[in-house]
Amino acid sequence: MAIYSVYVSSRDDAEARHWLAFFRRHGYKDLKGLVIERVYWLEGNLWPERLSPLLANPVYQTTSSQSMLDPSQGPILEIAYRHAVTDPETPSILEAARALGEDGLVFARLSRRYQFCGVTRQNALRIAERFLFNKVVERIREPHELVSTLRPAGEPDPVTTVSLAGMCDQELQALSAARSWYAPLSQMRVIQAHERQIGRPHTDAEIEILAQTWSDHCYHTTWKSLGLLKKLSEATARIAHPLVVSAFKDNAGGIEFYEDWVITIKGETHNFPSSIAPFGGVATKHGGVIRDTLGFGKGAYPIGGTTIMGTLDPAMPENQVPEGALPPQLILSESIRATAYYMNPMGIPMMHAIYRRHPGYAKCLALGHSLGLIPRKYALKDPPQPGDLLLLIGGETGRDGIHGATASSASMTEETLAKESAAVQIGHPITERRFTTAIPALRDQGCIRSITDLGAGGISCGAGEMGAETGVALNLDAVPLKDRSLTAWEILLSESQERMLIAVPAEKLDEAEKLLDRYEVGHAAIGRFTDSHRLEATWRGQKVVDLEMSFLWSACPIDSIPMAEPERKLAPLRIPEAKTAADWSEAVRRVLGHFHCADQSAAGSRFDSTVQGRTIVGPYGGKNHRMPSGFYLSAPLRGRNYGVITTVAFNPLYGEIDPAGMARLMMIEAITKAVVAGADYRELALCDNFYTPRVRPEVAWNLTRMVEAVAGFSEEIGMPFISGKDSSSGTFDSAGVSIEVPPTLAVMAFGRMPDVRRAVTRDFKKPGNKLLLVGRTDSHALGGSVYADTCGQRGERLFDPGDGGNIRRLWDTLLWVHREEGYVSASAIAEGGAFLRLFEAAYGSGLGARVELDSVTEGGRIRKDEILFGEFIGSVLLEVPPPALSLIEEEFIGRVPYEVMGEVTREPRITLAQGGKAIWEEEVSGLAEVWSKPFREALE
Amino acid sequence: MSRAITAILYAPGTNCHEETAAALERAGLQNELALLGDLLKGEIRLKSYQALVIPGGFSYGDHLGAGRIFATLLGARLRDQLTEFLDSGKPVLGICNGFQVLAEAGILPYRRLGERAMALLANQSARFEDRCVRLLVSQQECLWTRDLAGQILEMPSAHGEGRPLFCDSVSGASPRIVLKYSDENGAPTLHYPENPNGAPDAVAGITDETGLVLGLMPHPERASLPVHESEDGLKLFKNLARWLLA
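A short tour of the structure in this document, coming up. Just so it is clear, the model here is predicted, and its values are computed rather than measured. (Residues numbered from 1 in each chain as written. Chains lettered and ligands numbered in written order. Predicted model: local features only at pLDDT ≥ 70, side-chain atom pairs only at ≥ 80, totals over all residues.)

**Thoughts on the overall build of chain B**
Put simply, the rule is: Helix and strand definitions follow DSSP, with helices as H or I runs of at least four residues and strands as E runs of at least two, each counted in order from the N terminus. Here the globule rule reads 2.2 Å times residues to the power 0.38, and the radius of gyration is calculated from C-alpha atoms. Residues with at least 20 other C-beta atoms within 10 Å of their own are called buried, those with 12 or fewer are called exposed, and the rest are partly exposed. The C-beta atoms themselves are positioned from the backbone.
In terms of regular secondary structure, chain B is built from six helices and eleven strands. Its C-alpha atoms give chain B a radius of gyration of 16 Å, within 12% of the compact-globule value 18 Å for 246 residues. Summarising its shape, the C-alpha atoms of chain B cover approximately 50 × 40 × 35 Å along the three principal directions. Among the 246 residues that make up chain B, the fraction classed as buried is 65%.

In structure tokens form, the structure reads like this:
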């Protein structure tokens with residue numbers, strides 16, 4: 001059949017301008033120009049001209065049957081999808097062409113031609129391979145390449161058997177590595193013994209399934225071996241919190257909201273793929289955690305998301321980047337582009353966008369949360385019944401993401417980048433958006449007995465888990481493929497995004513399929529639940545998988561992990577105290593300009609924070625909507641004032657000093673941020689995300705102490721963890737050295753508030769109001785602080801916030817004062833100390849603040865710079881109208897320590913005074929300059 | 001509630017239809033979520049509605065160009081229904097992606113179905129911009145902004161392609177500007193980010209010669225409920241209610 005090509009060029013191309021600037025920033029200074037031309041390849045009997053209205057808007061685009069690029073202007077590269085792969089845009093083109101009456105069009109493809117002016121073809125290739133395409137699914141199209149058809153073609157490899165019989169330990173290990181199974185010797189031995197027991201060699205599909213099901217990523221072998229998940233879930237069980245609906249057993253955790261609704265939370269890390277391919281990795285991080293919400297109970301609806309990244313210092317010169325790692329600046333900017341690319345089309349408001357750095361994050365932290373809403377009656381799954389159908393919905397299955405689970409469980413080396421690029425997945429938000437609309441409809445029609453997302457492990461994991469109690473028989477020929485060359489084990493393991501599995505009662509299948517057609521969601525019944533207690537799969541007439549569920553789910557050997565207390569190389573802080581006005585100016589600039597304190601809205605403003613119309617307090621607030629709010633508040637039920645509040649604490653500078661102490665501080669920080677806003681801590685729950693290096697005795701020791709600390713403290717304060725995720729692979733091996741992530745825990749606090757109108761924001765409200773610093777300041781608080789980091793120091797101990805009783809007393813007191821409307825603005829102390837809070841509140845209000853240092857330094861017992869920059873986690877800054885002061889003081893005296901540290905001023909200026917006279921002052925506008933530059937510059 | 005029913009026309013990838021329905025309800029308007037697919041299959045018809053709102057989102061994933069596939073389906077498969085709807089003088093509102101659809105369909109700026117005379121290009125920053133904007137309402141006659149001339153409306157704006165480009169070849173005609181991005185003093189501005197996409201002449205919203213059709217990039221439905229930071233967006237929907245009830 002005839003194949004036509006239509007070339008489309010734009011006369012105003014912001015994307016080309018963006019890439020040109022981007023490449024020049026990334027070391028291709030001699031690149032003078034970049035032109036992008038789209039090429040539509042059309043197969044069939046048709047008049048291509050008749051499709052022009054579809055392919056171009058004449059107001060700014062022109063079409064032609066030949067390329068409009070002049071080869072003499074520079075090398076041209078055409079990037080297309082691989083022949084075996086279907087373009088994401090193909091179905092859209094076909095549908096629209098039919099609408100235009102062009103029924104002769106049988107297939108279409110889209111490729112992009114980039115012309116690079118001023119660089120050699122080699123450099124153009126380097127740029128393209130690094131930034132413009134993904135080898136797994138895309139390729140560079142040769143000029144004048146002739147094809148007989150555009151339709152996907154390709155032949156799968158046959159299924160083979162793999163016998164481990166007679167292999168010695170070294171051979172087993174070598175095979176495991178060669179096949180990218182990353183299975184430890186103990187698992188290889190069990191598989192070898194199983195082969196003897198069943199009297200036949202396993203198929204490649206079976207071994208792939210075992211290696212992957214037993215990987216740390218899916219089976220959490222490290223955590224199981226250390227008994228950590230048990231510690232957390234048992235603490236939660238003992239707390240027996242009345243609001244908890246579902247904890248640690250579903251794809252997310254859920255608590256009671258109001259009026260028979262439940263709110264859900266899940267946090268998911270996607271560190272490995274994000275380190276080797278930040279755009280694909282971060283996009284699929286969001287896609288994956290959103291599916292955890294859709295896969296809660298019988299299908300919850302996503303109403304909020306976060307993106308939280310930890311990288312090396314983006315200011316790091318490229319020649320200092322560890323061999324095999326991508327430049328942190330690239331990871332940062334690509335991760336931001338990816339979050340916008342995925343979250344905005346999903347129509348899910350951004351709640352928190354947080355970027356941190358640490359020299360240990362050579363393998364970056366890529367965390368995302370998803371907040372969900374679901375009617376109470378659908379919050380718990382029903383067990384699938386024999387005879388139920390297994391319905392696969394969403395996108396087609398491709399080669400993307402093969403070995404994602406096993407690879408992400410392994411530590412990362414400089415070869416990983418090249419070797420495991422297939423583990424990187426490609427996200428298509430439109431596909432996920434389609435079933436995000438359809439799933440609540442399916443649920444409400446009773447078509448969903450149980451539902452789960454396909455993430456790491458693909459169909460084999462999803463079906464294996466759903467059918468663990470019954471058995472399941474898969475027909476792999478029924479799986480819709482975007483890549484015809486996939487063989488059986490690849491179909492089973494593929495981690496192609498945007499797919500979900502639903503257990504549908506047989507009598508409901510018809511109704512379910514009609515609904516999915518209406519919302520234009522792809523679907524296929526790929527199997528049936530059985531009573532065989534086996535995982536079975538057939539492909540092309542062969543039985544390719546036949547494993548007992550009991551073996552799959554209980555035969556995995558758990559290697560015991562020795563523990564040893566690490567020796568911490570810590571030194572006491574030696575920071576000269578700020579004294580002169582010049583000292584203060586310098587110190588303030590260092591802190592406001594620090595990556596963790598600086599204005600990050602250059603990233604945050606690229607994510608939709610108001611879609612769904614539920615947002616009450618978004619990530620940024622105040623006069624010009626650039627003041628970090630410190631919490632997110634949503635009113636999920638339309639026409640009601642009930643609120644969901646979320647806060648996050650993530651600070652990578654504390655862990656190396658004291659992992660357990662850091663873990664408690666993260667809990668206290670997250671909770672206090674919600675409490676000062678007006679939330680009752682008794683109506684909050686927690687979500688944990690741990691990130692630690694590849695396990696060795698010292699890492700096991702740290703991890704265990706962290707988990708014991710949070711489990712213990714959560715019982716102490718009666719607030720349960722209901723969901724979370726652990727990643728124990730934060731090690732990057734480069735040129736013989738191992739770079740380990742610091743002991744990391746990000747804590748999200750989330751819960752309900754009866755009335756969003758009672759929430760208190762942090763921007764100052766009225767000149768003359770008093771500023772109170774509430775909470776203990778009697779322990780040193782510069783250890784691990786941003787202030788110390790700006791002096792290149794860490795310190796030897798963290799702030800001691802006191803025990804649970806102290807902290808609860810502070811929270812109770814704040815709640816009482818909030819009920820009495822005793823304060824009008826408030827914020828919790830964290831990175832950057834009280835000073836950062838004073839600045840933000842002033843910046844967000846157009847007002848200023850005057851601080852009387854004598855009143856807070858207890859006659860010089862505490863350093864002035866420590867009071868202002870110390871990270872007194874759990875302490876808060878309150879703005880109190882003078883009339884309310886006496887009331888508050890009565891309440892505070894003898895219960896919680898506090899100091900009146902100053903007052904709000906009309907002049908937009910921050911003043912530090914001593915003995916009644918100013919020792920330092922500066923205009924807020926000047927400080928804002930310092931604060932708003934560094935992050936934006938890190939992106940450029 | 002008015003008995004006149006407003007259709008909220010949505011397609012795969014649309015993601016602002018629910019809050020748009022909530023805003024219409026608040027304005028006292030009965031409304032229905034109408035799926036484009038149902039309209040194409042003939043299961044519903046445009047004539048049963050008295051007004052049409054195309055909400056925001058990323059219909060069909062913005063494939064081939066924001067709003068283009070939605071617009072192609074409208075123009076090619078629903079031409080008669082749409083022409084009849086417009087000719088019978090019924091109001092139309094396009095918000096964000098909905099505005100992109102109206103522009104790609106030729107309904108804006110000149111009410112010529114199938115004849116595109118404008119485009120909404122990628123923001124000058126080449127980035128998605130999530131901002132709260134101030135909109136100055138012009139004197140231009142438009143149903144949706146009746147009695148609002150000279151007012152400043154505050155509402156969220158969130159899009160990646162919102163920079164209007166008008167084709168100059170259409171003789172004698174010029175776009176009718178209803179809303180302009182303005183600074184804190186209420187003056188139209190080209191300054192970023194008050195003008196989030198670099199729109200020439202600060203154009204944020206336009207109408208047609210009948211004043212019945214409005215297309216705007218910002219999101220009035222996100223400023224329509226008592227809990228929202230601003231309720232200015234509700235004024236547009238209240239104007240529709242007033243018109244339908246009159």
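**So, the overall build of chain A**
Put simply, the rule reads: Residue pairs qualify as contacts under a 7 Å threshold applied to their C-beta atoms, which are placed from the backbone.
Per the secondary structure count, chain A includes 31 helices and 39 strands. In terms of overall size, chain A behaves like a compact globule, its C-alpha atoms giving a radius of gyration of 29 Å where 940 residues would be expected to give roughly 30 Å. Taking all 940 residues of chain A together, 58% fall into the buried category. If you take every contact in chain A between residues at least 6 apart in sequence, the share linking residues at least 24 apart comes to 83%.

**Some remarks on the pairing of strand E20 (residues 523-529) of chain A**
The two faces of the sheet receive side chains in turn, since in a regular strand these alternate between them. Residues and elements named next belong to chain A. Just so we agree on the cut-off: Only when DSSP finds a minimum of two bridges between them are two strands counted as paired.
Burial runs high along E20: five of the seven residues are buried. Across five bridges, strand E15 (residues 389-394) lies against E20 in antiparallel orientation. Counted as the bridge partner of Leu-391 is Ala-525 from E20. Strand direction decides the pairing type here: strand E18 (residues 472-475) and E20, joined by three bridges, are antiparallel. Within E20, the residue paired with Ala-473 across the bridge is Arg-528.

**Some remarks on the interface of chain A and chain B**
For the record, the criterion: Throughout this entry, Asp, Glu, Lys and Arg are counted as charged residues, while Ala, Val, Leu, Ile, Met, Phe, Trp, Tyr, Cys and Pro are counted as nonpolar. The remaining residues, Gly among them, count as polar.
Chain A puts 42 residues into the contact, and the matching count from chain B is 46 residues. Among the elements of the structure, helix H1 (14-25), helix H2 (52-55), helix H3 (90-99), helix H13 (328-346) and helix H16 (429-444) of chain A are those that each provide at least two residues to the side of chain A that touches chain B. Residues belonging to the side of chain A that touches chain B are distributed by class as follows: 19 nonpolar, twelve polar and eleven charged.

**Points about the sheet that holds strand E28 (residues 684-691) of chain A**
Residue and element names in this part refer to chain A. Our working rule: In this analysis, axes come from line fits to C-alpha atoms, helices being fitted only over the stretch in contact, and the angle between any two N-to-C directions falls in the range 0 to 180 degrees.
Spatially, E23-E26-E27-E32-E28-E29 is the arrangement adopted by the six strands of the open sheet, whose pairing is mixed. Across the chains shown, the open sheet's two edge strands, defined by having one partner strand only, are strand E23 (615-617) and strand E29 (721-727). Sheet twist, expressed as the mean angle between neighbouring strand axes with direction ignored, is 20°. Judged from the three bridges that link them, strand E26 (residues 632-634) and strand E27 (residues 643-649) form a sheet pairing that is antiparallel. Residue pairing for E27: Tyr-632 is matched across the bridge by Thr-646. Where helix H23 (residues 659-676) meets the sheet, it contacts E27, E28 and strand E32 (744-753), and its direction lies at approximately 25° from that of E32.

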